[in-house]
Amino acid sequence: MNIYFLGMLISMIAYIVLGLVISKGMKNANDFFVAGRQAPTFLIVGSLVASYCSTGLFMGDAGEAYGGFYTPFLMTVIMQTCGYILGSIFWGKYLRRSEALTIPEFFGKRFDSVRLRKLAAITAIVTMTVYMLSVMQGIGTLMNYVTGVNYNLCILLALITFTILTFVSGSKGVLITDTIMFGFFTISSIIAIFVIIGKLGGWYQAVETVTNLNPVLFSWHGDLGHLYPTGIENMVWAIATGLTWVSVCAIGPWQSSRYLMAKNEHVVIRSSVWAALGVFMLEFLIPTTAVLMNKYSAEIPGSSYAMIWAAKNLVPTVLGVLVLTGVLAAGISSATTFLSLIGSSFANDILNIEDDVKKVKMGRIGILIVSVIVMFFAYFNPPQIYVILLLSGTVVTCSWMPVCVASIWSKKVTESGAFYGMLFGFIACSAVKIIGSVGNLNLPIYLDSFFVGLVANIIGLIIGSKLTSISCKEVDARKKLMIVPKDEYNEKEMQITRWSVLAFVGYGMVVTVFLVLMWVVPYYKAL
Amino acid sequence: MELAIALFLGFFVMLMGIISYRQICKEFKQMEEKQKK
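Presented here is an overview of the structure given in this document. (Residues numbered from 1 in each chain as written. Chains lettered and ligands numbered in written order. Predicted model: local features only at pLDDT ≥ 70, side-chain atom pairs only at ≥ 80, totals over all residues. Heavy atoms only, no water.)

**Examining the overall build of chain A**
Okay, step 1: From N to C terminus, chain A includes 21 helices and zero strands.
Okay, step 2: In terms of overall size, chain A behaves like a compact globule, its C-alpha atoms giving a radius of gyration of 22 Å where 527 residues would be expected to give roughly 24 Å.
Okay, step 3: Viewed in the frame of its principal axes, chain A has a C-alpha envelope of about 65 × 55 × 50 Å.
Okay, step 4: Counting every position in chain A, which comprises 527 residues, the buried fraction comes to 62%.
Okay, step 5: Across chain A, contacts joining residues at least 24 apart in sequence account for 86% of those joining residues at least 6 apart.
Okay, step 6: As presented, chain A carries roughly 19,300 Å² of accessible surface, and 68% of it is formed by carbon and sulfur atoms.
Okay, step 7: Positive and negative charge centroids in chain A, built from 34 and 25 side chains respectively, lie 6 Å apart. (Helix = DSSP H or I, 4+ residues; strand = E, 2+ residues; numbered from the N terminus. Rg over C-alpha atoms; globule rule 2.2 N^0.38 Å. Buried < 20%, exposed > 50% of the residue type's maximum accessible area, 1.4 Å probe, protein only. Contact = heavy atoms within 4.5 Å. Areas by Shrake-Rupley, 256 points an atom, 1.4 Å probe, with all protein chains shown as cover. Lys, Arg positive; Asp, Glu negative; His and termini not counted. Charge placed at Lys NZ, Arg CZ, Asp CG, Glu CD.)

**Observations regarding the packing of aromatic side chains**
Residue and element names in this part refer to chain A.
Okay, step 1: Inspection of the entire model under this criterion finds 30 aromatic pairs over all chains.
Okay, step 2: Ring geometry for Phe32 against Phe33: centres 5.2 Å apart, planes inclined by 85°, an arrangement best described as edge-to-face.
Okay, step 3: Owing to a relative accessible area of 3%, Phe32 belongs among the buried residues under this scheme.
Okay, step 4: Between the aromatic rings of Tyr296 and Trp309, the centroid separation amounts to 5.2 Å while the plane-to-plane angle is 35°, which identifies the pairing as tilted. Pair noted here: Tyr296 is in the loop between α12 (265–292) and α13 (306–313) and Trp309 is in helix α13, with a separation of 13 residues, a long-range link. The same class applies to Tyr296 and to Trp309, which are both buried.
Okay, step 5: Feature note: the residues Trp203, Phe280, Phe284, Phe504, Tyr507 and Phe514 constitute an aromatic cluster, connected by ring pairs.
Okay, step 6: Geometry around Phe419 places Arg115 over its ring, the cationic atom sitting 4.2 Å from the centre.
Okay, step 7: Its end group placed over the ring of Tyr145, Lys312 keeps NZ or CZ at 5.4 Å from the ring centre. (Phe/Tyr/Trp six-rings, centres within 6.5 Å; stacked < 30°, edge-to-face > 60°. Lys NZ or Arg CZ within 6 Å of the ring centre and 35° of its normal.)

**Here's the deal with the interface of chain A and chain B**
Okay, step 1: At the interface, 39 residues of chain A touch 26 residues of chain B.
Okay, step 2: Surface buried jointly by chain A and chain B totals about 3,000 Å² across both partners, of which 82% is contributed by carbon and sulfur atoms.
Okay, step 3: When the buried area of chain A at its contact with chain B is split by residue, Trp220, Tyr489 and Arg498 of chain A rank highest and sum to 19% of it.
Okay, step 4: There are two salt bridges connecting chain A and chain B.
Okay, step 5: Note that Lys93 of chain A is salt-bridged to Glu27 of chain B, the shortest N-O span being 2.2 Å. (Buried area = accessible area lost by both parts, 1.4 Å probe. Salt bridge = Lys/Arg side-chain N within 4 Å of Asp/Glu carboxyl O.)

**Points about the packing of helix α5 (residues 70–98) of chain A against helix α17 (residues 392–409) of chain A**
Residues and elements named next belong to chain A.
Okay, step 1: At a minimum axis distance of 10 Å, the contact between α5 and α17 shows a crossing angle of 70°. As the angle between them shows, α5 and α17 are arranged roughly perpendicular. From α5, Phe90, Trp91 and Tyr94 reach across to α17, where they touch Cys404, Ser407, Ile408 and Trp409.
Okay, step 2: Considered class by class, the residues forming the contact of α5 with α17 number six nonpolar, one polar and no charged. (Axes fitted to C-alpha atoms, helices over the stretch in contact; angles between N-to-C directions. Parallel < 35°, antiparallel > 145°, perpendicular 65-115°, else oblique. Nonpolar A, V, L, I, M, F, W, Y, C, P; charged D, E, K, R; others polar.)

In structure tokens:
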């Protein structure tokens, strides 16, 4: 048994034990689905970042940057961090205020609609199952490459770990283990990056070496053979994808559902600021270091393996084990979040169970069913899976974004408008994605599934709302959302929250300085 | 162009921060006024 496999096995056993310990303190459905709504800022931050950072960050994002798509990618990730603050202020705190157990329940209450609630649950379950599949594939590829153990055994071990963890401890366990995993992979990755940069002769020297090898890597347009043939098209892609992911970070079920567990609305807002900082730090450091790995391109087996190869070959073995176990933790933490949300939506929104005990029981059954389905697809891995994998982020944005905004900020939107907006957005976006992938078509950038899905959603929203009228229950539900709970009025808390949001403006300055000093200046010097 | 992108991204983040700050100040002010009443 190699040391990497041993490290991963120990960590998986530790997560299961932790889940079992946490499950002992669980009393009711509120504990299982929304962690008792008592989570402080650091737990929400940990869960937000851990749910976001799956194996995709270390393999997918790092691989894109390594493969020549650095600048367009950098634009998308920096833009998307704004989704946290916008999402918390314009959506998340109202979601928290609704005291719903799930986001589909929020839609159901807000529009007094069972069909909208079920549609929202279906879109959430489909997109998160798909996302989970991609995480599973990432975990399998990582473990197989690092340990040499059979791919299917690797995904089975990971699946057993996150299924048991979620099954026994629910959202409460997910929240705590997410935060531990976030701390683990953040600290180990940052230490490893320092070691790697040291080996490359320092940051500026490393950028110079790689720029001399290939001047395109850090350029604004990136490698023109990667996706689109012109720099302008790459920029349009970056902005469209950036806006998609602004929406995902703002309203995505695996992100904004964290706010349902927050102790109060101040926690919602503050946690979004620190989550944005955390995501920026990881998304800047890891993919930028991946670009620097081009120095070793002859030895790296493929772009997705750039950082994994670095962790195995450029850092001391013990640190390498910690980093790779951290990457596994990132994958497991995302999977547990998806799984717990799927279980909640299944019991609470699809089956609509009222009884607390039954609800938890059916939530657990939902978790088991989805685990089996995901294992089945990951095991047989049919080629169509790659088509389905492309759906998640954009589809959830196109289905939910306009409806989420309208549910809080529009007095005119009706139940039919919300329902048809969500339905049209879901169908249009999925159709374009599937047609583009199955037919292997290179659609022009303005026919990107994001634009098509969003326009379809807005059309459905407007037409549906024009043809029907708002019920008294809908008016009351929106009015209720605008009433600030008395507990939120606390001058000291308000002052801290104000400063936290102001810190986000400061973060904008930090981004500018960071990019100029760490990317632009060393790149220009090297040219 | 790289410098322009870096400045644009910094500006974008700051702008979103300012929009959020204005919104939160507005809401807190309303809360304070309601509390006084």
